[in-house]
Amino acid sequence: MAENANESERFGHYRAVKVLQEACPVSLAQLKEPGVVRGALRRCRWPALQWADLEVLQREHGQRQIPLRFGRKPVNQTLWEGQCERLDDIPLGEFCSWLAGKEAASIPYLKEEWWGYCSYQHFEALFEDIEDCNRSSANFAELLEEQVSAPGAPTLWLGSKGARTPCHQ
C-alpha cells in the first residue's frame with residue numbers, strides 16, 4: 001500500500017516513474033509525476049481482467065468485428081497508422097487465434113514476420129448490443145479506489161509483441 005522509495009524505473013519516454021505498491025495512496029489528481037501502481041490488479045474483481053486469457057476473450061466476444069493494423073518485423077521504427085497494413089471487419093476471435101500463433105484464415109500476415117494490433121475500440125461501439133456497453137467490465141473506480149469521471153468510454157487495445165504506435169512505444 002505504500003510507495004516504494006527505492007524503486008524507480010524507466011517506462012517509455014519517462015526516465016523516472018514513481019512506483020506505488022498495491023494501491024494508489026493519494027488521489028490521482030494529486031500526482032505530479034507519472035506513476036505505476038503495482039499489484040493493484042491482484043485484489044480487484046474487475047471482469048475485464050479475464051480477457052487477458054485470449055481463449056476467454058475469443059469465446060465471449062469472438063464474433064465482434066474489428067479493424068486491425070500490421071507492420072513488418074523487425075521493428076526498427078515506429079509506424080504511423082497510415083503506414084501500416086490495414087484489415088477491416090476481422091472477427092476478434094480470428095485475431096485472438098493469430099495472437100496465439102494459430103491459423104487465422106482472414107489474416108494473411110504470418111505472426112513470425114509481422115506484428116499486429118487493434119486499437120482504441122470504444123466499448124460503446126464494440127459492445128453496443130450489451131445494455132451498459134460493457135462499461136462495468138472496465139470499472140476504473142474499483143481499480144483506483146476512487147470515483148473516476150472520464151469523458152467517453154473505456155477502450156480495448158490488443159496487440160502482439162512489438163506492436164506500437166507513435167503514442168505507445
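Up top you'll find the structure we're talking about.
Residues numbered from 1 in each chain as written. Predicted model: local features only at pLDDT ≥ 70, side-chain atom pairs only at ≥ 80, totals over all residues. Heavy atoms only, no water.

### Looking at the pattern of salt bridges
Side-chain pairing between opposite charges can occur once the charged atoms of the two side chains come close. Per the counting criterion, the structure on display carries four salt bridges. For Glu113, the salt bridge goes to Arg72, with nearest N and O atoms at 3.8 Å. With Glu113 in the loop between α2 (92-99) and β6 (114-122) and Arg72 in strand β4 (residues 65-72), this pair connects stretches of sequence that are 41 residues apart. Residue classification places Glu113 among the partly exposed residues on the basis of a relative accessible area of 38%. Put simply, Arg86 and Asp88 hold a salt bridge, and the shortest N to O gap is 2.7 Å. (Salt bridge = Lys/Arg side-chain N within 4 Å of Asp/Glu carboxyl O. Helix = DSSP H or I, 4+ residues; strand = E, 2+ residues; numbered from the N terminus. Buried < 20%, exposed > 50% of the residue type's maximum accessible area, 1.4 Å probe, protein only.)

### Description of α2
Among the eight residues that make up α2, seven are buried, leaving the element largely enclosed by the rest of the structure. Here α2 has its buried residues at Leu92, Gly93, Phe95, Cys96, Ser97, Trp98 and Leu99. Here the buried face of α2 lies against α1 (54-61), β4, β5 (85-91), β6 and β7 (155-159). Looking one or two residues past α2, Gly101 carries a phi angle of roughly 80 degrees, positive in sign. (Contact = heavy atoms within 4.5 Å.)

### Examining the packing of α1 against α2
Interhelical geometry of α1 versus α2 gives an angle of 165 degrees and a closest axis separation of 8 Å. With respect to α2, the axis of α1 lies roughly antiparallel. Viewed along their axes, α1 and α2 form a crossing whose handedness is left-handed. On the side of α1, the interface is formed by Leu54, Leu57, Gln58 and His61, while α2 contributes Leu92, Gly93, Cys96, Ser97 and Leu99. Residue classes in the contact of α1 with α2 are distributed as five nonpolar, four polar and no charged. (Axes fitted to C-alpha atoms, helices over the stretch in contact; angles between N-to-C directions. Parallel < 35°, antiparallel > 145°, perpendicular 65-115°, else oblique. Left-handed = near helix turned anticlockwise from the far one by under 90°. Nonpolar A, V, L, I, M, F, W, Y, C, P; charged D, E, K, R; others polar.)

### A few points about the packing of aromatic side chains
All told, the structure shown has ten aromatic pairs when counted by the stated rule. When the centroid spacing of 5.7 Å and the interplanar angle of 15 degrees are considered together, the rings of Phe95 and Trp98 count as stacked. Pair noted here: Phe95 and Trp98 are both in helix α2, with a separation of three residues, about one helical turn. For the pair Phe95 and Trp98, one class covers both residues: buried. (Phe/Tyr/Trp six-rings, centres within 6.5 Å; stacked < 30°, edge-to-face > 60°.)

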